[in-house]
Amino acid sequence: MTEFKEFENNNYNLKKSDVLRKNGAGIIDAILVLVTQTILFNYYPKLSSVIEFPNPLSAMFFYVFVLFIVYRFLTIFTFGKTIGMAILNMQFAKRNETKLSFKEKLLSVVMIYTNTVDCYHLD
């Protein structure tokens, strides 16, 4: 799984991203979501009590999870990649270089990669 699979386009070479690069993009995205949630709940504290939880920690985890899914949905469907992927110069692609279908984008939102779709980076 750590081997690089390459294919050539007329303008650049795409290489399959390794696990470290994928996890780095995920960490950048998670930090952005946590900062956004902190700022949002600081200015609008009533948002944090929309759903009652017996434990405040479980409420925080729930809101982080929901905000992370919403963030990935908006960025992947709008730009085709997340901010963390853009910083690390990565993109979703198929081996045959066709566009991702709606189903493949939806699976990418919840970080499920199919056999044909994966993260690639530019050299």
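You'll find the structure just up there.
Residues numbered from 1 in each chain as written. Predicted model: local features only at pLDDT ≥ 70, side-chain atom pairs only at ≥ 80, totals over all residues. Heavy atoms only, no water.

1. A few points about the overall build of the protein
Phase 1: Each helix and strand counted, the protein has four helices and four strands in total.
Phase 2: Going residue by residue from the N terminus, the α and β elements of the protein occur as β-β-α-α-α-β-α-β.
Phase 3: Across the 123 residues in the protein, those meeting the buried criterion constitute 26%.
Phase 4: Considering only residue pairs separated by 6 or more positions, the protein has 65% of its internal contacts joining residues 24 or more positions apart.
Phase 5: Carbon and sulfur atoms make up 64% of the accessible area of the protein, which totals about 8400 Å². (Helix = DSSP H or I, 4+ residues; strand = E, 2+ residues; numbered from the N terminus. Buried < 20%, exposed > 50% of the residue type's maximum accessible area, 1.4 Å probe, protein only. Contact = heavy atoms within 4.5 Å. Areas by Shrake-Rupley, 256 points an atom, 1.4 Å probe, with all protein chains shown as cover.)

2. Focus: the packing of helix H2 (residues 56–79) against helix H4 (residues 102–109)
The packing of two helices is summarised by the inter-axis angle and the distance between the axes.
Phase 1: Direction vectors running N to C along H2 and H4 enclose 145°, while the axes themselves pass 9 Å from each other. Seen along the crossing, H2 lies across H4 with a hand that is right-handed. Contacts between H2 and H4 involve Ile69, Arg72, Phe73, Ile76 and Phe77 on the former and, on the latter, Phe102, Lys105, Leu106, Ser108 and Val109. (Axes fitted to C-alpha atoms, helices over the stretch in contact; angles between N-to-C directions. Left-handed = near helix turned anticlockwise from the far one by under 90°.)

3. Considering the packing of helix H1 (residues 19–43) against H2
Phase 1: Axis separation between H1 and H2 bottoms out at 10 Å; the angle between their running directions is 115°. Between H1 and H2 lies a crossing of right-handed hand. Contacts from Asp29, Ala30, Leu32, Val33, Leu34, Thr36, Gln37 and Phe41 in H1 reach Met60, Tyr63, Val64, Leu67, Phe68, Tyr71 and Arg72 in H2.
Phase 2: Here the residues of the contact of H1 with H2 sort into eleven nonpolar, two polar and two charged. (Nonpolar A, V, L, I, M, F, W, Y, C, P; charged D, E, K, R; others polar.)

4. Describing the packing of aromatic side chains
Phase 1: Scanning the model with the defined rule gives seven aromatic pairs in all.
Phase 2: Seen from their ring centres, phenylalanine 41 and tyrosine 63 are 5.3 Å apart, and the 85° between their planes marks the pair as edge-to-face. One end of the pair, phenylalanine 41, is in helix H1; the other, tyrosine 63, is in helix H2, and 22 residues separate them in sequence.
Phase 3: Aromatic side chains phenylalanine 53 and tyrosine 63 sit 6.3 Å apart centroid to centroid with 80° between the ring planes, which places their arrangement in the edge-to-face category. (Phe/Tyr/Trp six-rings, centres within 6.5 Å; stacked < 30°, edge-to-face > 60°.)

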